[in-house]
Amino acid sequence: MQKFDYIIKDEVGIHARPAGLLVKEAKKYESEVRIAKGDKSAAATKLMAVMGLGVKCGDTVTVEVEGTDETAACEAIKTFFESNL
């Protein structure tokens, strides 16, 4: 398993548009991608679950990637966060 922490910089947090793009990115990989904030976590392939985390600007999220292509998936998701959130 690979994981990283990221502090959300987007003023609105993880809202509908970036959440939708994140789901599309996560679905490209066989590995399971999960996002956690506090004691709640969600599969990054489930739009409503991701939005249900209520991630705001300044919040720290932990992203965990586990599976056969976890190295590539983790790097891609990290790049996505840096570019979009």
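One can find the structure itself at the top, above this paragraph.
Here's what I pulled together on the structure shown here. (Residues numbered from 1 in each chain as written. Predicted model: local features only at pLDDT ≥ 70, side-chain atom pairs only at ≥ 80, totals over all residues. Heavy atoms only, no water.)

## Observations concerning the pattern of salt bridges
On inspection of all chains with the given rule, the structure shows three salt bridges. Here Lys28 and Glu25 are joined by a salt bridge, their closest N and O atoms 3.1 Å apart. Residue Asp59 is joined to Lys37 by a salt bridge in which the shortest nitrogen-to-oxygen separation is 3.5 Å. Residue Asp59 is located in the loop between α2 (47-52) and β4 (60-66), and its partner Lys37 is located in strand β2 (residues 32-37); the two are separated by 22 residues in the primary sequence. (Salt bridge = Lys/Arg side-chain N within 4 Å of Asp/Glu carboxyl O. Helix = DSSP H or I, 4+ residues; strand = E, 2+ residues; numbered from the N terminus.)

## A closer look at the packing of aromatic side chains
The final tally for this structure, using the stated rule, is three aromatic pairs. Arranged with centres 6.1 Å apart and planes meeting at 85°, the rings of Phe4 and Phe81 form a pair that is edge-to-face. With Phe4 in strand β1 (residues 2-7) and Phe81 in helix α3 (residues 70-84), this residue pair connects regions lying 77 residues apart in the sequence. Neither Phe4 nor Phe81 differs from the other in exposure class; each is buried. (Phe/Tyr/Trp six-rings, centres within 6.5 Å; stacked < 30°, edge-to-face > 60°. Buried < 20%, exposed > 50% of the residue type's maximum accessible area, 1.4 Å probe, protein only.)

## Here's the deal with the pairing of β4
Alternating residues of β4 divide into Val61, Val63 and Val65, all buried, and Thr60, Thr62, Glu64 and Glu66, none buried. Bridging between β1 and β4 involves six bridges; their strand directions are antiparallel. Note that in β4 the partner of Phe4 across the bridge is Val63. Pairing of β2 with β4, which is carried by five bridges, proceeds in the antiparallel orientation. (Pairing = 2+ DSSP bridges.)

## Some details on the nonpolar core
The biggest cluster of nonpolar side chains holds 23 residues, and the ones touching the most others in it are Ile8, Ile35, Val63, Ile77 and Phe81. Ranked by residues supplied to this core, first place goes to α3 with five residues. (Core = buried A, V, L, I, M, F, W, Y, C linked by side-chain atoms within 4.5 Å.)

## Topic: the sheet that holds β4
The strand order β1-β4-β2-β3 describes an open sheet built from four strands, whose pairing is antiparallel. A single partner strand is all that each edge strand has here, and the edge strands are β1 and β3 (40-43). Within this sheet the neighbouring strands show an average axis-to-axis angle of 20°, counted without direction. With respect to the sheet, α3 is in contact with β1, β2 and β4, its orientation differing from that of β1 by roughly 5°. (Axes fitted to C-alpha atoms, helices over the stretch in contact; angles between N-to-C directions. Contact = heavy atoms within 4.5 Å.)

Geometric values such as these leave the question of function open.
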